[in-house]
Amino acid sequence: MRERRATITTTHADAETATHLARALAPDNTDEMATTTDGATVETTIERATTGGLAATVDDYVVNLSVAADLTADRHTDTHE
């Protein structure tokens, strides 16, 4: 059976932010996932045996990425007056 593959590439404010995001996502990555950074870019490749499995993993990853990105953005927001 041929593996299904998706690559998700996101670009962020800077290399530090990309590194923080990749580290935040790492604990949730499965053996079928590989995440790398290159400057401000985070790239994750997901391989699964079935289309349904790939879709579910991509969906989970995007939700996790959204939460991590929101938290990282909060880190850069000055809340002091």
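This is a predicted model, so every value here is computed, not measured.

**Q** Can you help me understand the sheet that holds strand 3 (residues 41-48) in this one?
**A** Hydrogen bonds between backbone groups are what pair the strands of a sheet, and the pairing can be parallel or antiparallel. If you trace the three strands from one edge of the open sheet to the other, you get 1-3-2, paired in antiparallel fashion. Each end of this open sheet is capped by a strand with a single partner; those strands are strand 1 (4-11) and strand 2 (33-38). Mean inter-strand twist for the sheet, computed between neighbouring axes without regard to direction, equals 15 degrees. Relative to strand 2, helix 1 (residues 15-25) is tilted by about 165 degrees, and along the sheet it contacts strand 2 and strand 3.

**Q** It is not clear to me how the pattern of salt bridges should be interpreted in this structure. Could you clarify?
**A** Oppositely charged side chains are able to pair whenever their charged atoms sit close together. A full pass over the atoms with the stated rule returns one salt bridge. A salt bridge links Glu47 to Arg5, with the nearest nitrogen and oxygen atoms 2.7 Å apart. With Glu47 in strand 3 and Arg5 in strand 1, this pair connects stretches of sequence that are 42 residues apart. When its relative accessible area of 26% is taken as the criterion, Glu47 is described as partly exposed.

Parameters and conventions
Residues numbered from 1 in each chain as written. Predicted model: local features only at pLDDT ≥ 70, side-chain atom pairs only at ≥ 80, totals over all residues. Heavy atoms only, no water. Pairing = 2+ DSSP bridges. Helix = DSSP H or I, 4+ residues; strand = E, 2+ residues; numbered from the N terminus. Axes fitted to C-alpha atoms, helices over the stretch in contact; angles between N-to-C directions. Contact = heavy atoms within 4.5 Å. Salt bridge = Lys/Arg side-chain N within 4 Å of Asp/Glu carboxyl O. Buried < 20%, exposed > 50% of the residue type's maximum accessible area, 1.4 Å probe, protein only.

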